[in-house]
Amino acid sequence: MFADLTPLRTSADYRRLWLGNTIVWLGQAMTALAISLQVYDITRSSFSVGLVGLCSLVPLVVFGLYGGAIADTVDRRLLGLYSSAGAAGLTVALAVAAVLGFHRVWFLYTVVALQSVCFALIAPARAAMVPKLLPAAQLPAANALTSVTNTFGMTVGPVLGGVITGWWGYQAAYIVDAVCFSAALYAMWRLPAMPPEREEGKRGRASVLDGLRFLATRPNIRMTFFSDMCAMVLAQPRALFPAVAGLWYGGDARTVGLLVAAPAVGAMLGGVFSGWQGRIRRHGLVILVSVAAWGLAIAAFGVTRNLWLGLFFLAVAGWSDTISMVFRSTMLQTATPDEMRGRLQGVFIIVVAGGPRLGDFLAGSAADLASPGVAVTGGGLACVVAVALLAARWRAFARYDARDPQA
């Protein structure tokens, strides 16, 4: 039942890459919190803090596809190394500015945007490296370990960032983050060269349009994106947590914190207890069931008015999301040829980053037009209906077999 650690035992390169990524996620979560606190300290405006997310999202969406195309053109190791070095340099710039007392909101926005550009270059390259470091049978375990990394950073990083910032100031959080990048740089440095595999006689830069054309002919890969959007767009309740904390539970900011943490805790448990996933072959069917389970858990959260029961349902949703993520990532890695992996990972980043933001807007609008309860429960049920319709339209997705991956 516990997470399969075989990828960490069998590949020293993957082990260094995973450990470096874990440390970097922790440091980046600290920096993200410190930037939000610093922006609020300068402006005393929640709207200005909200713009931090917009400054991060727009470059991520714009450069996501191009980052994937670059990853399918050049040595992925060098792309990851240089992009990580650029991100580390930006964190050093934050630390230097804070030490010198240079507190300007436009500077923080600019750094956040440039950091997103670096991430849009790093993420497709790093994801495309993993199938080159591990056999296909170990990819579900590797993706489960990645989910542990992500949720660990999202839960522990902000706590450490708040403590360090409160004791020693913003510059301390930025300095710690800059040091954390040394782990990623070392891991990238030790990797072998990883140029993308190209067809004989095919040269030049990989085309974004070629990647989209390839996706248009691969219904199973498209379904991994569509199913995730059912959950993240139709049943994403996080924008309503401040409202429901008071209206449903009579709570305050601490209650909001519990609501935000519950899905992350569930996701963490989903990664820790992921040992069974390597024995599953019907990846498409598991994705459909997991997304439906997310929708049902969110709908159940919408009708309960007991805080601990609500937290339980949110944790179940987070657990379901981790299972879905593991198998969606595995399908994308195994059913995509190496020369296309970077570009498809770029699309994956856009869906993962943009879907929840669109879901926030949809949930907020529905809550204003009706009520938070209708928005949450209705969104959860809409997710279940949508994924059922998709399963009925593309029935081959539920029959997808990992032993014979077909895109």
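To be clear, the structure that these remarks concern was listed above.
All values derive from a computational prediction rather than experimental measurement. Residue numbers restart at each chain and count upward from 1, following the sequence in its written direction. With the structure being a predicted model, the display of local features is reserved for residues of pLDDT at least 70 and the display and counting of side-chain atom pairs for 80 or more, all residues being used for whole-chain, interface and lining totals. Note that water and hydrogens are dropped before the side-chain values are worked out from all heavy atoms of the structure.

**Student:** Give me the lowdown on empty space enclosed by the protein, citing residues and values where you can.
**Tutor:** The pocket and cavity definitions rest on a 1 Å grid over protein atoms only: a 1.4 Å probe that fits but cannot leave marks a cavity, an open set with protein on both sides within 12 Å along at least five of seven lines marks a pocket, and residues lining either have an atom within 4 Å of a point. Grid points are joined across faces, edges and corners, and a volume is the space filled by probe spheres set on the points. In this structure the tally under the stated criterion is one cavity of 30 Å³ or more. Computed from the structure, the largest cavity encloses a volume of approximately 40 Å³. If you trace the largest cavity, you find it lined by Leu 65, Val 208, Gly 211, Leu 212, Leu 215, Arg 343, Leu 344 and Val 347. Where helices and strands are cited, they refer to DSSP runs of H or I of at least four residues and of E of at least two residues respectively, numbered from the N terminus. At the level of secondary structure, the elements contributing two or more residues to the lining of the largest cavity comprise helix H8 (208-216) and helix H14 (338-369). At four residues, the largest contribution of residues to the lining of the largest cavity is made by H8.

**Student:** Tell me about the environment of Ala 88, residues and numbers included.
**Tutor:** For Ala 88, the position within the fold is in helix H4 (residues 76-99). Separated by 94 residues in sequence, Ala 88 and Ser 182 have C-alpha atoms that sit 8.3 Å apart.

**Student:** Give me the lowdown on helix H9 (residues 219-234), citing residues and values where you can.
**Tutor:** For an α-helix, the turn length of 3.6 residues means that residues three or four places apart are oriented alike. Here the expected length of a helix is defined as 1.5 Å per residue gap, with one fewer gap than residues. Here H9 contains 16 residues, and its C-alpha end-to-end distance of 21 Å stays within 8% of the 22 Å for a straight helix at 1.5 Å per residue. For every residue, the accessible area (1.4 Å probe, protein chains only) is compared with the maximum for its type, and the residue is labelled buried under 20%, exposed over 50%, or partly exposed between those bounds. Along H9, 12 of the 16 residues are buried, which leaves the element largely enclosed by surrounding structure. When H9 is considered as a whole, its buried residues turn out to be Asn 220, Ile 221, Arg 222, Met 223, Thr 224, Phe 225, Ser 227, Asp 228, Cys 230, Ala 231, Met 232 and Val 233. Elements that come into contact with the buried residues of H9 comprise H8, helix H12 (283-303), helix H13 (307-334), H14 and helix H15 (372-393). Note on definitions: a residue-residue contact is assigned when non-hydrogen atoms from the two residues lie within 4.5 Å.

**Student:** Report on the packing of H9 against H13, specifying residues and quantitative values.
**Tutor:** Axis geometry follows a simple rule: fit a line to the C-alpha atoms, using only the stretch in contact for helices, then measure angles between N-to-C directions, giving values from 0 to 180 degrees. The geometry of H9 relative to H13 is characterised by a closest axis approach of 9 Å and an angle of 160 degrees between their N-to-C directions. Considered as vectors, H9 and H13 are oriented roughly antiparallel to each other. H9 and H13 meet at a crossing whose hand is left-handed. Two secondary-structure elements touch here, H9 through Asn 220, Ile 221, Thr 224, Phe 225, Ser 227, Asp 228 and Met 232 and H13 through Asp 321, Arg 328, Met 331 and Leu 332. Angles below 35 degrees are treated as roughly parallel, those above 145 as roughly antiparallel, those between 65 and 115 as roughly perpendicular, and all remaining angles as oblique. Left-handed describes a crossing in which the near helix is turned anticlockwise from the far one by less than a right angle; the clockwise case is right-handed.

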